[in-house]
Amino acid sequence: MRVSVGSQPPTRQIPCNMTCMWPAKDMGLVKRAHIIGSNLTVVLSMEGPAHYADLRPARRKFSAYATGNMLSDIPHPWLTNLSQIFTPSVDHRSAKDAASFIARNCNSKNQRERWVKEITKEYPVASLSSCLHNTDDPRLRRSERSQWPLRKIETMRGYRFHLAFENQNEEHMTEKLWYALTAGVVPVYMGDKRAERWAPQNSFINAHRFSNGSELGRYLRHVADNATLYESYHAWRRKRPAAHLVELFRPFEQYHIKCRICQWAAARIPDASNADSHGTSESSSIETTGIAPALAGRHRRHATTGLNRKRYSRGQVRRPHVSSVPARKSKASAWAVAKSPPPKIDND
């Protein structure tokens, strides 16, 4: 497969189990990738549809969508290594009795600022970035762009909770939940209402279960004052990951998103060699790990990386409850923390 992005021709082979040529540089928050020799065009982006309307799959302006929507044709999640979030939890006794909040965009589509203000009346919130700023942290001030993700995670570890609030409530997830889980704190997540499908069970507090920030703030106060309840949100760290999560994330760990786009295209071109002007022959039966097995027929439009959407359609949101899991430190396991976090998002 040879892929061009805009006017940029393919010049570099992507690590892949097939020929997969892409431009050396394909800058831009929303990329339109054309499969040379075909009529296939894939839109590739980690941004959300609230800011970029072309990213809404319902419009079907493109052959396929590779976005942060986990049910997109070719899912493009921020978290590509499941082991990264299996880190030791923070110590309930030594962590600051507060929630951190790190965001620059104070004009969100989901009114997260109002929620943060309401939470603050019931439970302390350290707003560490420019939006609702009330706390300074030298680790964030001195961070170079390349060091920002690590500094951000390091800063989160100083608190019991982190308000992982997206700037839109769309079917799209950025790095916010994954960074907080990696930091070892209890995330309070607002954004994609389906997030519980993609994360370990009872690993975060779902803000969508609460009617307003005041109610959520009172619950945070309750959890913070109950060590056993607080530790119940870390119980998943002491277990092996659920089978469906291993299945879901395996292709993301094995293949780069650009490789998976090539795989997706190869499965749709009868004679893949026709798409390569250099005559490289590629088998149309190539393994397309990272794409739903049913690449043709009625499941194609909502391919879910080997998962059947119906497996999760019956899941209902539940109210938080107290777990009997005792407080104890996470044990080291094969699911050790990865050496580096996923890339930084440009639009907080």
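That block above? That's the structure.
Residues numbered from 1 in each chain as written. Predicted model: local features only at pLDDT ≥ 70, side-chain atom pairs only at ≥ 80, totals over all residues. Heavy atoms only, no water.

J.: Before we go on, may I ask you to explain the state of the cysteines in this structure?
T.: Chemically, a disulfide is nothing more than a covalent bond linking the sulfur atoms of two cysteines. Taken as a whole, this structure holds three disulfides when the rule is applied. One disulfide in the model links Cys 16 with Cys 259; its S-S distance is 2.0 Å. When the S-S torsion is 65°, as for the bridge of Cys 16 with Cys 259, the disulfide is right-handed. Separated by 243 residues along the polypeptide, Cys 16 in the loop between strand 2 (12-13) and strand 3 (21-22) and Cys 259 in helix 8 (residues 257-266) bring together distant segments of the chain. Disulfide partner of Cys 20: Cys 262, at an S-S distance of 2.1 Å. Its torsion about the S-S bond being 75°, the disulfide of Cys 20 and Cys 262 is classed as right-handed. Residue Cys 20 is located in the loop between strand 2 and strand 3, and its partner Cys 262 is located in helix 8; the two are separated by 242 residues in the primary sequence. The pair formed by Cys 20 and Cys 262 is uniform in burial state, with each residue classed as buried. (Disulfide = S-S within 2.5 Å. Helix = DSSP H or I, 4+ residues; strand = E, 2+ residues; numbered from the N terminus. Buried < 20%, exposed > 50% of the residue type's maximum accessible area, 1.4 Å probe, protein only.)

J.: Before we go on, may I ask you to explain the packing of helix 1 (residues 112-120) against helix 5 (residues 213-224) in this structure?
T.: Each pair of packed helices can be summarised by the angle the axes make with each other and by the distance between the axes. The contact between helix 1 and helix 5 brings their axes to 7 Å, and the two run at 45°. By the angle between their axes, helix 1 is oblique relative to helix 5. Read as a crossing pair, helix 1 and helix 5 show a hand that is right-handed. Residues Trp 115, Glu 118 and Ile 119 of helix 1 form the contact with helix 5, whose own contacting residues are Gly 213, Ser 214, Leu 216, Gly 217 and Leu 220. Along the lines of polarity and charge, the residues of the contact of helix 1 with helix 5 split into four nonpolar, three polar and one charged. (Axes fitted to C-alpha atoms, helices over the stretch in contact; angles between N-to-C directions. Parallel < 35°, antiparallel > 145°, perpendicular 65-115°, else oblique. Left-handed = near helix turned anticlockwise from the far one by under 90°. Contact = heavy atoms within 4.5 Å. Nonpolar A, V, L, I, M, F, W, Y, C, P; charged D, E, K, R; others polar.)

J.: Hey, could you run me through the packing of aromatic side chains in this one?
T.: The description of an aromatic ring pair uses the distance of the two centres, along with the angle that the planes make with each other. Scanning all chains against the criterion turns up nine aromatic pairs. For the pair Phe 62 and Tyr 65, a centre-to-centre distance of 5.8 Å together with 80° between the ring planes defines the contact as edge-to-face. Like Phe 62, the residue Tyr 65 is buried in the burial classification. On the basis of an interplanar angle of 85° and a centroid distance of 5.6 Å, the ring pair of Tyr 123 and Phe 161 is categorised as edge-to-face. On the criterion of sequence distance, the pair formed by Tyr 123 in the loop between helix 1 and strand 8 (125-127) and Phe 161 in strand 9 (residues 159-165) is long-range, its members being 38 residues apart. (Phe/Tyr/Trp six-rings, centres within 6.5 Å; stacked < 30°, edge-to-face > 60°.)

J.: Whenever I open this one, the environment of Tyr 189 confuses me. Can you help?
T.: With respect to the helices, strands and loops of the structure, Tyr 189 is situated in strand 10 (residues 186-190). The spacing of Tyr 189 and Leu 177 is 12 residues in sequence and 6.4 Å in space, taken between C-alpha atoms. Those residues in contact with Tyr 189, other than ones at most four positions away along the chain, are Ala 164, Phe 165, Glu 166, His 172, Met 173, Leu 177, Ala 195, Phe 204, Ile 205, Asn 206, Ala 207 and His 208.

J.: Help me understand the pattern of salt bridges, please; the structure alone is not making it clear to me.
T.: Across all of its chains, the model carries 17 salt bridges by this definition. With its nearest N and O atoms 3.2 Å apart, the salt bridge here joins Asp 97 to Arg 160. You can see Asp 97 sitting in strand 7 (residues 96-101) and its partner Arg 160 sitting in strand 9, a full 63 residues away along the chain. Judged by relative accessible area, Asp 97 falls into the partly exposed class, the value being 31%. (Salt bridge = Lys/Arg side-chain N within 4 Å of Asp/Glu carboxyl O.)

In short, geometric facts, not functional conclusions.
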